[in-house]
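One letter stands for each residue in the lines below.
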Amino acid sequence: MPHLALSTIFYLSLATMLWAGNAIAGRALVGSISPITLNTVRWGLAALMLLPLGWRVMKPGSALWQNKGRFLVLGFLGVGTYNVLLYLALQTSTAINVTLIGASMPIWMLFIGAVFYQVKPTLLQLLGAIVSLAGVTVVLTRGEPASLLSMQVVMGDLFIMLATILWACYSWMISRPGKSTERQWPWAEFLLAQVLIGFMWTMLFEGAEIVTGHGFIELNYWTGALILFVAIGPSLIAYRCWGLGVNGAGPTVAAFFANLIPLFTALLSAAILGDPPQLFHGLAFALIAIGILVSSTRRSIN
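All values reported here derive from a predicted model rather than from experimental measurement. (Residues numbered from 1 in each chain as written. Predicted model: local features only at pLDDT ≥ 70, side-chain atom pairs only at ≥ 80, totals over all residues. Heavy atoms only, no water.)

1. Comments concerning the overall build of the protein
Reasoning step 1: Helix and strand counts for the protein come out as 13 helices and 0 strands.
Reasoning step 2: Mapped from its N terminus to its C terminus, the protein presents α and β elements in the order α-α-α-α-α-α-α-α-α-α-α-α-α.
Reasoning step 3: Looking at the protein as a whole, 52% of its 302 residues are labelled buried.
Reasoning step 4: Considering only contacts in the protein between residues 6 or more positions apart, those separated by 24 or more positions represent 90%.
Reasoning step 5: For the protein, the computed accessible surface area is about 13900 Å², with 73% contributed by carbon and sulfur atoms. (Helix = DSSP H or I, 4+ residues; strand = E, 2+ residues; numbered from the N terminus. Buried < 20%, exposed > 50% of the residue type's maximum accessible area, 1.4 Å probe, protein only. Contact = heavy atoms within 4.5 Å. Areas by Shrake-Rupley, 256 points an atom, 1.4 Å probe, with all protein chains shown as cover.)

2. Section: the side chain of Asn 22
Reasoning step 1: Within the secondary structure layout, Asn 22 lies in helix H1 (residues 6-28).
Reasoning step 2: Not counting the four nearest positions on each side in its chain, Asn 22 is found in contact with Arg 42, Asn 83, Leu 86, Tyr 87, Phe 229, Val 230 and Pro 234.

3. Things to note about the confidence of the model for the protein
Reasoning step 1: Summary statistics for the protein give a mean pLDDT of 82 and a share of 85% for residues scoring 70 or more.
Reasoning step 2: Helix H5 (residues 95-102) is the least confidently modelled element of the protein, averaging 68 in pLDDT, while helix H2 (residues 35-54) averages 93, the highest of any element. (pLDDT = per-residue confidence, 0-100.)

4. Let's talk about H2
Reasoning step 1: Its 20 residues give H2 an end-to-end C-alpha distance of 27 Å, which sits within 8% of 28 Å, the value for a rise of 1.5 Å per residue.
Reasoning step 2: Along H2, the helix axis deviates most sharply at Leu 48, where the bend reaches about 25 degrees; the proline Pro 52 sits within four residues downstream. (Expected span 1.5 Å × (residues − 1). Bend = angle between axes of the 7 residues up to and from the residue.)

5. Observations regarding the packing of helix H4 (residues 68-92) against helix H9 (residues 187-211)
Helices that pack against each other are described as a pair by the angle of their axes relative to one another and the distance between those axes.
Reasoning step 1: Close contact between H4 and H9 brings their axes to 7 Å; oriented N to C, the two are set at 60 degrees. Taken together, the axes of H4 and H9 are oblique relative to one another. As for the relative orientation of H4 and H9, their crossing is right-handed in sense. Every residue of H9 that contacts H4 at Phe 71, Leu 72, Gly 75, Phe 76, Val 79, Gly 80, Thr 81 and Val 84 is listed here: Phe 190, Ala 193, Gln 194, Val 195, Ile 197, Gly 198, Phe 199, Trp 201, Thr 202 and Phe 205.
Reasoning step 2: Looking at the contact of H4 with H9 residue by residue, the classes come out as 12 nonpolar, 6 polar and no charged. (Axes fitted to C-alpha atoms, helices over the stretch in contact; angles between N-to-C directions. Parallel < 35°, antiparallel > 145°, perpendicular 65-115°, else oblique. Left-handed = near helix turned anticlockwise from the far one by under 90°. Nonpolar A, V, L, I, M, F, W, Y, C, P; charged D, E, K, R; others polar.)

6. Examining the environment of Ser 104
Reasoning step 1: Residue placement: Ser 104 occurs in the loop between H5 and helix H6 (105-116).
Reasoning step 2: Here Ser 104 falls in the buried class, since its relative accessible area comes to 15%.
Reasoning step 3: The sequence separation of Ser 104 and Phe 256 amounts to 152 residues, and the corresponding C-alpha distance is 9.4 Å.
Reasoning step 4: Other than its neighbours up to four places away in sequence, Ser 104 contacts Leu 133, Met 161 and Thr 164.

7. Observations concerning the nonpolar core
Reasoning step 1: Formed by 75 residues in total, the largest nonpolar core has its most connected members in Trp 19, Phe 71, Trp 167, Tyr 170, Tyr 239 and Trp 242.
Reasoning step 2: Setting aside its immediate chain neighbours within four residues, Tyr 170 contacts Leu 74, Leu 77, Gly 78, Gln 194, Tyr 239 and Trp 242. (Core = buried A, V, L, I, M, F, W, Y, C linked by side-chain atoms within 4.5 Å.)

8. Points about helix H10 (residues 221-249)
Reasoning step 1: Helix length check: H10 (29 residues) gives 39 Å between terminal C-alpha atoms against 42 Å at 1.5 Å per residue, within 8%.
Reasoning step 2: At Ala 238, H10 shows its maximal kink, close to 35 degrees.
Reasoning step 3: Structurally, the start of H10 carries an N-cap: the backbone nitrogen of Trp 222 is 2.9 Å from a side-chain oxygen of Asn 220.
Reasoning step 4: One or two residues past the end of H10 sits Gly 250, with phi positive at roughly 90 degrees. (Polar contact = N/O pair within 3.5 Å; in protein donor to acceptor, adjacent residues only side chain to side chain.)

9. Description of the environment of Gly 113
Reasoning step 1: Checked against the element boundaries, Gly 113 lands in helix H6.
Reasoning step 2: Beyond its immediate sequence surroundings of up to four residues, Gly 113 is in contact with Gln 118, Val 119 and Trp 172.

10. Re the packing of aromatic side chains
Reasoning step 1: Throughout the structure, instances matching the rule amount to 16 aromatic pairs.
Reasoning step 2: Look at Phe 76 and Trp 201: their rings are 4.9 Å apart centre to centre, the planes differ by 70 degrees, and that puts the pair in the edge-to-face class. Taken together, the positions of Phe 76 in helix H4 and Trp 201 in helix H9 put the pair 125 residues apart, joining distant regions of the chain.
Reasoning step 3: A relative accessible area of 26% places Phe 76 in the partly exposed class.
Reasoning step 4: According to the relative accessible area criterion, Trp 201 is partly exposed, its value standing at 26%.
Reasoning step 5: On the basis of an interplanar angle of 15 degrees and a centroid distance of 4.9 Å, the ring pair of Tyr 117 and Trp 172 is categorised as stacked. Highlighted residues: Tyr 117 in the loop between H6 and helix H7 (123-140) and Trp 172 in helix H8 (residues 155-175), separated in sequence by 55 residues. (Phe/Tyr/Trp six-rings, centres within 6.5 Å; stacked < 30°, edge-to-face > 60°.)

11. Points about unusual backbone geometry
Reasoning step 1: Of note, the phi angle at Gln 118 is positive, near 55 degrees, even though the residue is not glycine.
Reasoning step 2: Structurally, Gln 118 is set in the loop between H6 and H7.
Reasoning step 3: Judged by relative accessible area, which is 62%, Gln 118 ranks as exposed.

12. Some details on the packing of H2 against H10
Reasoning step 1: With their axes 9 Å apart at the nearest point, H2 and H10 run at an angle of 60 degrees to one another. Crossing of H2 over H10 shows right-handed handedness. For the pair H2 and H10, the contacting residues are Leu 38, Val 41, Arg 42, Trp 43, Leu 45, Ala 46, Met 49 and Leu 50 in the first and Ile 227, Val 230, Ala 231, Ile 232, Pro 234, Ser 235, Leu 236 and Tyr 239 in the second.
Reasoning step 2: Class assignment for the residues of the contact of H2 with H10 results in 14 nonpolar, 1 polar and 1 charged.

Below you can see the structure in the form of structure tokens.
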């Protein structure tokens, strides 16, 4: 029987919905702001909003400095590189390529868990991964899987593949805090520690973008609203929800919820464009839900 609490399902579903919005916003901002600049502004704003709630984590005697090596890695994986690679991927890769490659998350999660954390995947988890990926394929190909044969690999595909692997590593790290007591920290302090260190990594990449002459931003009401959205929804709210969801479900099962991102992306795009959902959306949702259900049975190992 499934053993996911309703709160865990809500957290993971909300996080993936907000990240679907992030992909749409990131694509809409192409040409208005360079990818690394977008990531820098996004996390800079997020840090400012978190500062009044989590500033104590920056005090000299806080637990952050006792675990600074761990948070240097967490900030690099979750904030510093994943989002930079995502926005870079959206510059050259098509939506179908980016989301299909991102849908390989459960496979990488199972692989990393087996190799680095000695958590062997079960047959049900492998079966769930296959069924869930089938659902993603249905929605992205609009019910015509034969269109996969016409896909072409571009640099953006490689960026999103690397981003997916790094995110799998990040998810395993936050689910295995080791000797640190970060699960006892106030949530704002834990998130601010990641955001500030990730922001430092992003600033390094931003410097390279500026030096090479690729950094730019064109601000107006539309771009400002989109940037504010990605700084609040996909950053603060989604990261908080993902952390709660991973702690409740385990990184392997949580990864199956990431397959909801392309489905939510399709539904949100349909709503924005005025194109109502079609039959294949329902089929895809059913397959993804079955994959989550199968992978989260009590016989699964988290």
